[in-house]
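Notes for the structure review
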Amino acid sequence: MSFRPLHDRVLVRRVEAEEKTAGGIIIPDSAQEKPAEGEIVSAGSGARSEDGKVTPLDVKAGDRVLFGKWSGTEVAVDGEDLLIMKESDILGILG
């Protein structure tokens, strides 16, 4: 990967949502919401305080996370659609 986020930002790959409901009904693309779950592709070194100290991030590459519906900015890196967001946009780490 040719992209490394800076400071307290992370690069996230969305995890694809199920195309069927639990009852087996197929959801058309136009009705599907973008998933709010993803995998951290890479993470910055951490937030820098006013006195210059770096606080490392709580997430790392490979973590599966939940984030807000409108979080992040969509970017294309190496032909793949990814999200870049601040660590504070992440709601939690799964499993």
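Note that the coordinates shown come from a computational prediction; the quantities given were computed from them, not determined experimentally.

Now for the overall build of the protein. Secondary structure assignment for the protein yields zero helices and eight strands. Along the protein, from the amino end to the carboxyl end, the secondary structure elements read β-β-β-β-β-β-β-β. The buried share of the protein, taken over its 95 residues, is 27%. Sequence separation of at least 24 residues holds for 62% of the intrachain contacts in the protein that already meet a minimum separation of 6. Here the protein displays about 6600 Å² of accessible surface, and carbon together with sulfur accounts for 51% of that area.

The next thing to look at is the sheet that holds strand S8 (residues 90–94). Strand order in the open sheet formed by six strands is S6-S7-S1-S2-S5-S8, and the pairing between neighbours is antiparallel. Of all the strands in the sheet, just strand S6 (73–77) and S8 have a single pairing partner and so form its edges. The sheet shows a mean angle of 45° between the axes of neighbouring strands, taken without regard to direction. Pairing geometry for strand S1 (residues 9–14) and strand S7 (residues 80–86), over four bridges, is antiparallel. Bridging across to S7, valine 10 finds its partner in methionine 85.

Moving on to a nonpolar patch on the surface. The grouping of Leu66, Leu91 and Leu94 at the surface amounts to a nonpolar patch, some 270 Å² of accessible area in total. Within the secondary structure layout, leucine 91 lies in strand S8.

Another point: the nonpolar core. Membership of the largest hydrophobic core is limited to ten residues, which are Val10, Val12, Ile40, Leu57, Val59, Val65, Phe67, Leu83, Met85 and Ile90. If you list the elements that add at least two residues to this core, you get S1, strand S5 (64–67) and S7. Those residues within four positions of valine 59 in sequence are excluded, and the remaining contacts are Val10, Ile40, Ala43, Val65, Glu87, Ile90 and Ile93. Counting residues in each nonpolar core, the second largest holds five residues, with Leu11, Val41, Val77 and Ile84 among its members.

If you check the backbone angles, histidine 7 has positive phi at about 55° while not being a glycine. One can find histidine 7 in the segment before S1. Accessibility expressed as a relative area gives 40% for histidine 7, which makes it partly exposed. The phi angle at aspartate 78 is positive, at roughly 55°, despite the residue not being glycine.

This part is about the environment of valine 59. Looking at the secondary structure, you find valine 59 in the loop between strand S4 (54–55) and S5. A relative accessible area of 8% places valine 59 in the buried class.

Conventions we followed
Residues numbered from 1 in each chain as written. Predicted model: local features only at pLDDT ≥ 70, side-chain atom pairs only at ≥ 80, totals over all residues. Heavy atoms only, no water. Helix = DSSP H or I, 4+ residues; strand = E, 2+ residues; numbered from the N terminus. Buried < 20%, exposed > 50% of the residue type's maximum accessible area, 1.4 Å probe, protein only. Contact = heavy atoms within 4.5 Å. Areas by Shrake-Rupley, 256 points an atom, 1.4 Å probe, with all protein chains shown as cover. Pairing = 2+ DSSP bridges. Axes fitted to C-alpha atoms, helices over the stretch in contact; angles between N-to-C directions. Patch = residues over 30% accessible without salt bridge, like charges linked within 9 Å, V, L, I, M, F, W, Y side chains within 5 Å. Salt bridge = Lys/Arg side-chain N within 4 Å of Asp/Glu carboxyl O. Core = buried A, V, L, I, M, F, W, Y, C linked by side-chain atoms within 4.5 Å.

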